[in-house]
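# Results of the structural survey
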Amino acid sequence: MNNIEKDRLDKEIFPTLREITELFIIVNAEIIRAEEINPEKKADIQVINELRNTLTHLMRIFTSYFEIERDYDSEYVKLNLEKAFGHVYRAGYDTLDWIALYLRNYITNEISPFSSETLTSVFPEYYKDIKPDLEDINNLIAGKRLEKDVGNPSSENFLEYIKIVKRLRGYYNEVLQKKSSLIEFEEKLKKEQGSKIIIEIIIASFIAFFFFILGYLFKT
Amino acid sequence: MSILEDYKKEIGDRIVGDVLDRPCSKPKIDEEVRDTTIQRGSRYRGSVRITHGLFYTDKERQEKKEELLKVKPP
């Protein structure tokens, strides 16, 4: 490798290539998580296709660098580095969308069977912190989806989205940990409500009977 | 002789123009693709999920995302 080639690598290719590599490692890990969290165990081929497109752009860079079939063109290399980054980014975003959507769904499914009274008594954090945050997360996800379409990919944006998904994962674990206490309280509440209804029926019957007797006595 | 030179010598007509610069395609994935994938799955090494047809078609992908987006926590 001569000095010109080394200079091209060090200044024009390596910094972005390193960023793409690091992003790819994260995206790959998230794809595995997404496939595991998917209840139907389905893969997303469009995400895999984004990674294939990444490879195509990387190969374009290398053909230019090695001057195979073409001359070295720094603008061409720069453009393809951006495109390669964009495809890994897109694969990552689509994957995080799946994880976020499923986690929201799982949290909702776990929480839905319980009354608001149970949630307030056993899991006050749900209405106080988690639910408002879930609403905010919904808006953030919608916002992130728009940003993705605008096409301004950056590692910072991606990291921000990962943090949101991490928060969702934390909430889901919190909900699962509270599940047994929620079930216990809900059953206790139902029993109490059942007893209350029986007592109310007995009292109502007694009052009705009392007035019936009273009416009968007045009549006679 | 490099593999590319060798290839061009033997089957060179396949590399016409800038093949590598052709636009990246987005494959259409539907039920037909799933059926074909399952039918031919045993001939290829690859993802177990995909060879068993465990992947979203474009329609399913869209519908599933819309369905999940509608979910509202209590």
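The text that follows walks through the structure, step by step, so that each part is easy to find. (Residues numbered from 1 in each chain as written. Chains lettered and ligands numbered in written order. Predicted model: local features only at pLDDT ≥ 70, side-chain atom pairs only at ≥ 80, totals over all residues. Heavy atoms only, no water.)

## Examining the overall build of chain A
Stated precisely, the cut-off is as follows: Secondary structure counts use DSSP, requiring at least four H or I residues in a row for a helix and at least two E residues in a row for a strand, with both numbered from the N terminus. This radius of gyration counts C-alpha atoms alone. The globule rule is 2.2 Å times how many residues there are, raised to the power 0.38. Relative accessible area decides the class of each residue, using a 1.4 Å probe on protein chains only: under 20% of the type maximum gives buried, over 50% gives exposed, and in between gives partly exposed. Here, residues are in contact when the closest pair of their heavy atoms is within 4.5 Å. Only the protein chains shown count as cover for residues, and all accessible areas are computed by the Shrake-Rupley method using a 1.4 Å probe. Counted charges follow a simple rule, with Lys and Arg positive, Asp and Glu negative, and His plus the chain ends left uncounted. A single reference atom marks each charge: NZ on Lys, CZ on Arg, CG on Asp, CD on Glu.
A tally of regular secondary structure across chain A gives six helices and zero strands. Its helices and strands taken in sequence order, chain A reads α-α-α-α-α-α from the N to the C terminus. The C-alpha radius of gyration of chain A comes to 30 Å, more than 25% above the 17 Å expected for a compact globule of 220 residues. With respect to the principal axes defined by its C-alpha atoms, chain A has extents near 120 × 30 × 25 Å. Counting every position in chain A, which comprises 220 residues, the buried fraction comes to 41%. Long-range pairs, those at least 24 residues apart, make up 81% of the contacts in chain A with a sequence separation of at least 6. Of the roughly 12,900 Å² of accessible surface on chain A, 59% is carried by carbon and sulfur atoms. Of the charged side chains in chain A, 30 are positive and 37 negative; the average position of the first set lies 5 Å away from that of the second.

## Looking at empty space enclosed by the protein
Here is the rule: As defined here, a cavity is a set of points on a 1 Å grid over the protein atoms alone where a 1.4 Å probe fits but cannot get out. A pocket is an open set with protein on both sides within 12 Å along at least five of seven lines, and residues line them when an atom is within 4 Å of a point. Grid points are joined across faces, edges and corners, and a volume is the space filled by probe spheres set on the points.
A full pass over the atoms with the stated rule returns one cavity of 30 Å³ or more. What the largest cavity holds in volume is close to 120 Å³. Surrounding the largest cavity, Ile31(A), Ala34(A), Glu35(A), Asn38(A), Lys42(A), Ala43(A), Asp44(A), Val47(A), Ile48(A), Thr95(A), Trp98(A) and Tyr56(B) form its lining. Of all the elements in the fold, those that place two or more residues in the lining of the largest cavity are helix H1 (3–37), helix H2 (45–65) and helix H3 (74–111) of chain A.

## Notes on the interface of chain A and chain B
Frequently, the measure chosen for interface size is the accessible area removed from exposure when the parts meet. Stated precisely, the cut-off is as follows: Only one rule defines a salt bridge in this text: a Lys or Arg side-chain nitrogen within 4 Å of an Asp or Glu carboxyl oxygen. Identification of polar contacts relies on pairs of N or O atoms within 3.5 Å, with a donor-acceptor requirement for protein atoms, meaning one able to donate a hydrogen and the other able to accept it, and with residues adjacent in sequence counted only if both atoms are side-chain atoms.
On the chain B side, the residues contacting the 42 residues of chain A number 28 residues. Applying the counting rule to chain A against chain B returns six salt bridges. Residue Arg70(A) pairs with Asp21(B) through a salt bridge whose shortest N-O separation is 2.8 Å. Taken together, the connections running from chain A to chain B amount to 21 residue pairs in polar contact (both at pLDDT 80 or more).

## Here we look at a nonpolar patch on the surface
All names here are of chain A. The condition is simple: Like-charged residues are merged into a patch within 9 Å and nonpolar side chains (Val, Leu, Ile, Met, Phe, Trp, Tyr) within 5 Å, provided each residue has over 30% relative accessible area and no salt bridge.
Taken together, the side chains of Ile-199, Ile-203, Phe-206, Ile-207, Phe-210, Phe-211, Leu-214 and Phe-218 make up a nonpolar region of the molecular surface, amounting to roughly 880 Å² of accessible area. Mapped onto the secondary structure, Phe-218 falls in helix H6 (residues 155–219). Given the relative accessible area of 72%, Phe-218 is considered exposed.

## Observations concerning the environment of Thr51(B)
Residue and element names in this part refer to chain B. Tracing the sequence through the fold places Thr-51 in helix H3 (residues 48–51). A C-alpha to C-alpha distance of 9.5 Å links Thr-51 and Thr-36, two positions 15 residues apart in sequence. In contact with Thr-51, not counting residues within four places along its chain, are Thr-37, Ile-38, Gly-41 and Tyr-44. At 3.0 Å, the side chain of Thr-51 forms a polar contact with the backbone oxygen of Val-48.

## Quick look at the pattern of salt bridges
Across all of its chains, the model carries 21 salt bridges over all chains by this definition. The partner of Lys42(A) in a salt bridge is Glu60(B), and the shortest N-O contact between them spans 3.4 Å. Linking Lys42(A) in the loop between H1 and H2 with Glu60(B) in helix H4 (residues 58–70), this pair reaches from one chain into another. We classify Glu60(B) as partly exposed; its relative accessible area is 22%. Between Asp44(A) and Arg61(B) there is a salt bridge, with its nearest N and O atoms 2.9 Å apart. Separated into two different chains, Asp44(A) in the loop between H1 and H2 and Arg61(B) in helix H4 make up a pair that spans both. The pair Asp44(A) / Arg61(B) is uniform in exposure class, with both members buried. The structure contains a network of salt bridges with shared partners spanning Glu40(A), Lys42(A), Glu31(B), Arg34(B) and Glu60(B).

## A short note on the nonpolar core
Short version of the rule: Definition used in this section: a nonpolar core is a set of buried Ala, Val, Leu, Ile, Met, Phe, Trp, Tyr and Cys residues joined via side-chain atoms within 4.5 Å.
Core analysis: the largest hydrophobic core is formed by 54 residues, its most contacted members being Ile13(A), Ile107(A), Phe123(A), Phe158(A) and Tyr161(A). A total of 18 residues in this core trace back to one element, the largest contributor, which is H3(A). With five residues, the next largest nonpolar core counts Ala43(A), Ile45(A), Ile29(B) and Ile50(B) among its residues.

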